[in-house]
Amino acid sequence: MSQNALVVIDVQNDFCPGGALAVAGGDAIVPLVNRLITSFDHVVLTQDWHPAGHSSFASSHDGRRPFETIAMPYGAQTLWPDHCMQGTSGADFHPSLDWTRAELVIRKGFRAGIDSYSAFFENDRATPTGLAGYLRERGIADLTLVGLATDYCVAFSAIDAARLGFGVTVRLEACRAIDLGGSLDRALASMREVGVGLE
Ligand code: VGL
Ligand code: ZN
């Protein structure tokens, strides 16, 4: 029998109210995420984990402001406020997140020159994080995704997982979105298109 896993995306202080890239209601999902953590065979967490001066930070580009888009060698990149810097409290998991059952923490976005929204591939859509191999080798075929933010790291992860052949469900009530210029509607449509179950 194949196994299932809950993948908890980026439930970190900087994505919660008061954080550097706060997502509205980001902290409100924590009690539900904690309940879900108890009900899956396996639990994997992701942690956005950027070095200082990361190329996704607007502050790394002269004259650029957060939420603008620039062209990077690997494609278009939205610029963000400095967030989730390695070793800072902003990069820590929300203090109420019950991560005890997590068997793996995938850190992503740690290369200065490239961002990584997805838990599976960096933003060149080609450099793997290793998560697919880890899951396959362990016989984990069905994934449920929750976390922050619905329209960026959750959606990119869900779409990659579906394309890689995993069964994928996103529990939307345990997610919150940034919603930049219609990004939430676009993300929901893209997830549906590749067969991600939205519940
Ligand atoms: C995220 C923007 C930048 C996310 C991470 O977790 O959705 N969004 N870095
Ligand atoms: Zn980031």
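Placed above this text is the structure.
Here goes a summary of the coordinates provided. Computed from a prediction, not measured in an experiment: that's the story for all the values here. (Residues numbered from 1 in each chain as written. Chains lettered and ligands numbered in written order. Predicted model: local features only at pLDDT ≥ 70, side-chain atom pairs only at ≥ 80, totals over all residues. Heavy atoms only, no water.)

## Observations concerning the packing of helix α3 (residues 150-163) against helix α4 (residues 183-193)
In plain terms, the rule: Interaxial angle, 0 to 180 degrees, is taken between N-to-C directions of lines fitted to C-alpha atoms, where a helix line uses only the stretch in contact. Working definition: helices are DSSP H or I runs of at least four residues, strands are E runs of at least two. Numbering for both runs from the N terminus. These descriptions rest on fixed angle ranges, namely under 35 degrees for roughly parallel, over 145 for roughly antiparallel, 65 to 115 for roughly perpendicular, and the rest for oblique. Contacts: residue pairs with any heavy atoms within 4.5 Å of one another. When residues are sorted by character, Ala, Val, Leu, Ile, Met, Phe, Trp, Tyr, Cys and Pro go into the nonpolar class, Asp, Glu, Lys and Arg into the charged class, and all the rest, Gly among them, into the polar class.
At their nearest, the axes of α3 and α4 sit 10 Å apart, and the two run at 10° to each other. It follows that α3 is roughly parallel to α4 by the angle criterion. Seen from α3, the contacting residues are Thr-150, Asp-151, Tyr-152, Ala-155, Ala-158 and Ile-159; seen from α4, they are Ser-183, Leu-184, Ala-187, Ser-190 and Met-191. Taken together, the residues of the contact of α3 with α4 break down into seven nonpolar, three polar and one charged.

## What to know about the coordination of the zinc ion (ligand 2)
What counts is decided by this rule: Only N, O and S atoms count as donors, using a 2.8 Å cut-off from the metal and 3.2 Å for Na, K and Ca, and because water is excluded some sites may appear unfinished. In these descriptions, tetrahedral denotes four donors with every angle between 85 and 135 degrees, square planar four donors and octahedral six donors with opposite donors over 155 degrees apart and the rest between 65 and 115, and irregular any other case. When a residue's accessible area, from a 1.4 Å probe over protein chains only, is under 20% of the maximum for its type it is buried; when over 50% it is exposed; and in between it is partly exposed.
Coordination of the zinc ion (ligand 2) by the protein comes from Asp-48 (OD), His-50 (NE2) and His-83 (NE2), over a distance range of 2.0 to 2.2 Å. Geometry at the zinc ion (ligand 2) is irregular, judged from the four donor atoms that bind it and their angles of 88 to 169° at the metal. Counting the intervening residues between successive donors of the zinc ion (ligand 2) yields the motif D-x1-H-x32-H. You can see His-50 sitting in the loop between β2 (42-48) and β3 (69-72) and its partner His-83 sitting in the loop between β4 (75-78) and β5 (104-108), a full 33 residues away along the chain. Taken as a pair, His-50 and His-83 share a single burial class, namely buried.

## Observations regarding the packing of aromatic side chains
The test is simple: Any two rings among Phe, Tyr and Trp, with Trp reduced to its six-membered ring, count as a pair given centres within 6.5 Å; such a pair is stacked if its planes are under 30 degrees apart, edge-to-face if over 60, and tilted if neither.
Counted by the stated rule, this structure contains six aromatic pairs. Note on Phe-67 and Trp-80: the rings are 5.8 Å apart at their centroids and 85° apart in plane angle, and the pair reads as edge-to-face. Linking Phe-67 in the loop between β2 and β3 with Trp-80 in the loop between β4 and β5, this pair joins segments that are 13 residues apart in sequence. Taking 5.0 Å as the distance between ring centres and 75° as the angle between the ring planes, the aromatic pair formed by Tyr-117 and Phe-156 counts as edge-to-face. Taken together, the residues span a long stretch of sequence, with Tyr-117 in the loop between β5 and α2 (131-137) and Phe-156 in helix α3 at a distance of 39 residues. On the basis of relative accessible area, Tyr-117 is assigned to the buried category, the value being 8%. Judged by relative accessible area, which is 26%, Phe-156 ranks as partly exposed. Aromatic ring contacts, followed pair by pair, group Phe-67, Trp-80, Tyr-117, Tyr-152 and Phe-156 into a single cluster.

## Points about the site of ligand 1
Filter applied, for reference: Only heavy atoms are used to decide nearness, and a residue is near a molecule or strand if one of them lies within 4 Å of it. The definition of a polar contact used here is a pair of N or O atoms within 3.5 Å, where within protein one atom must be able to donate a hydrogen and the other to accept one, and adjacent residues in sequence count solely through side-chain atom pairs. Values of accessible area rely on a 1.4 Å probe in the Shrake-Rupley scheme; residue burial ignores everything except the protein chains shown.
Taken together, Asp-10, Phe-15, Leu-21, Asp-48, Trp-80, His-83, Leu-148, Ala-149, Tyr-152, Cys-153 and Ile-178 make up the full set of residues adjacent to ligand 1. A distance of 3.1 Å separates a nitrogen atom of ligand 1 from a polar side-chain atom of His-83. Burial of ligand 1 by the surrounding chains reaches 100%, relative to a free accessible area of 260 Å². Grouping the constituent residues of the shell around ligand 1 by class yields eight nonpolar, one polar and two charged.

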